[in-house]
Amino acid sequence: MEKEILTMEEAAELFGVSVKTFIKLLKEEKVPARKIGREWRFSRKALIEWLSSGDSQAYSSSEGETKEFFNEVAPDWEEMRKNYYDESIKNKLMELDLLKKNMTIVDLGAGDGYISRAIAKSVKKVVAVDISSEMLKELKKKAREAGIKNIEAVESDGRDVPFENGNADMICTSMYLHHIDEPENAVAEMNRMLRPGGKVFLADFYEHSNRELKDKMHDVWPGFKPDSIKAWFEKNGFSDVKIENLSGDFQKSANSGHRPASIFVLTAVKL
Ligand SMILES: C[S@@+](CC[C@H](N)C(=O)[O-])C[C@H]1O[C@@H](n2cnc3c(N)ncnc32)[C@H](O)[C@@H]1O
């Protein structure tokens, strides 16, 4: 006869996931469970009922859905974006004074060109990569209106960007990584595109607990822990990995009583 009361390991096995994934689930969701003394115990029946009462539409986090979402919101993105972050990411990039007139820059997850359009006149060429054709359409329209002619828009899911090895002087990426299923692979792809000594400028959210923000924006990850992201860069051929807080107006994302999600800027150099 099947056991009705399960330990953590047995409950994870029932769901077919690792104990680590199961613990993450316990933290993120209201899973039926009791802590007895120091041990978690689960009812097999309650777990199965909980699983079958779920609703796939409550989850928003596959790349396909992200693409659909950004295609839909593309014309309104600039206004939407202002509810989450202001101009301080691109201002920070300009302040760091890393750009040179002869550089080729790849902007990953370029969107409507928040970064690409801000830097185009300071460099030779910007390759703006995005999964969403509608976002790239917005980027091209806005670039045209601003008289910018050196941005090449490339539609790609960021996994295997059609860009030659080692041809980029710098990768700039704002609020892209938290949309990627396997962020460490994205870091490896950045390394592939950069020349030795080339740099990365990356802005993203620190790990946050604002579930509403994550769901609304179709984010895969609720931001990142600085130590994890630093380790991904160091493991994938980068040195001088520096992470700093970005101060700016992120207050509007604090609607519904949530604290605003803080933003960091990472810079790194390809070995
Ligand atoms: C939050 S927006 C940021 C846009 C822009 N960088 C900015 O800061 O305003 C995220 C962008 O990443 C793009 N994106 C999401 N997943 C992607 C993927 N797998 N490959 C390429 N682009 C992706 C989306 O289409 C969207 O334009």
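Residues numbered from 1 in each chain as written. Predicted model: local features only at pLDDT ≥ 70, side-chain atom pairs only at ≥ 80, totals over all residues. Heavy atoms only, no water.

S.K.: Would you mind going over the overall build of the protein with me for this structure?
M.R.: Each helix and strand in the protein was counted, giving 11 helices and 10 strands. Per-residue burial for the protein yields a buried fraction of 46% across its 271 residues. (Helix = DSSP H or I, 4+ residues; strand = E, 2+ residues; numbered from the N terminus. Buried < 20%, exposed > 50% of the residue type's maximum accessible area, 1.4 Å probe, protein only.)

S.K.: Which parts of the structure should I look at to understand the site of the ligand?
M.R.: In the neighbourhood of the ligand, 21 residues make up the surrounding shell, with Tyr85, Gly109, Asp130, Asp157 and Ser174 lying closest. The contact in question runs from a nitrogen atom of the ligand to an N or O atom on the backbone of glycine 109, over 2.7 Å. Take isoleucine 131: an N or O atom from its main chain is 3.1 Å from a nitrogen atom of the ligand. Here the ligand loses 99% of its free accessible area of 590 Å² to cover by the protein chains. Looking at the shell around the ligand residue by residue, the classes come out as 10 nonpolar, 8 polar and 3 charged. (Near = heavy atom within 4 Å. Polar contact = N/O pair within 3.5 Å; in protein donor to acceptor, adjacent residues only side chain to side chain. Areas by Shrake-Rupley, 256 points an atom, 1.4 Å probe, with all protein chains shown as cover. Nonpolar A, V, L, I, M, F, W, Y, C, P; charged D, E, K, R; others polar.)

S.K.: How should the packing of helix 1 (residues 8–15) against helix 2 (residues 19–28) be read in this particular structure?
M.R.: Geometrically, a packed helix pair is captured by the angle between its two axes and the distance between the axes. Following both chains from N to C, one finds helix 1 and helix 2 inclined at 95°, their axes separated by 9 Å at the closest point. The pairing of helix 1 with helix 2 is recorded here as roughly perpendicular in orientation. Along the contact surface, helix 1 presents Met8, Glu9, Ala11, Ala12 and Phe15, while helix 2 presents Val19, Phe22, Ile23, Leu25 and Leu26. Of the residues that constitute the contact of helix 1 with helix 2, the class distribution is 9 nonpolar, no polar and 1 charged. (Axes fitted to C-alpha atoms, helices over the stretch in contact; angles between N-to-C directions. Parallel < 35°, antiparallel > 145°, perpendicular 65-115°, else oblique. Contact = heavy atoms within 4.5 Å.)

S.K.: What's the story with the domain arrangement of the protein in this structure? I'm lost.
M.R.: A common measure of how large an interface is: the accessible area buried when the components associate. On domain assignment, one finds that the protein holds domain 1 (5–54) and domain 2 (63–270). Taking the mean C-alpha position of each, domain 1 and domain 2 sit 36 Å from one another. (Domains from an automatic or database assignment.)

S.K.: I keep staring at helix 11 (residues 226–235) and nothing clicks. Help me out?
M.R.: A turn of α-helix holds 3.6 residues, and therefore any two residues three or four places apart point the same way. Every buried residue of helix 11 is accounted for by Ile229, Trp232 and Phe233. What you see down the axis of helix 11 is that its buried residues fit within an arc of 95°, all on one side. The exposed residues of helix 11 that point more than 90 degrees off its buried face are Asp227 and Lys235. Of the residues one or two after helix 11, glycine 237 is the one with positive phi, at around 85°. (Arc of directions from axis to C-beta.)

S.K.: Would you mind showing me how to read the pattern of salt bridges here?
M.R.: A side chain of one charge can pair with a side chain of the opposite charge if their charged atoms are brought near each other. Considering all chains together, one arrives at 23 salt bridges under this definition. Note that glutamate 87 is salt-bridged to lysine 90, the shortest N-O span being 2.8 Å. Look at glutamate 87 and you get partly exposed, because its relative accessible area is 27%. You can call lysine 90 buried: its relative accessible area is 19%. Lysine 125 is paired through a salt bridge with glutamate 152; the nearest N and O atoms lie 2.8 Å apart. (Salt bridge = Lys/Arg side-chain N within 4 Å of Asp/Glu carboxyl O.)

S.K.: Help me understand the environment of glutamate 145, please; the structure alone is not making it clear to me.
M.R.: With respect to the helices and strands, glutamate 145 occurs in helix 8 (residues 133–145). According to the relative accessible area criterion, glutamate 145 is exposed, its value standing at 62%. Measuring from C-alpha to C-alpha, the distance between glutamate 145 and alanine 46 comes to 58 Å, with 99 residues separating the pair along the chain.

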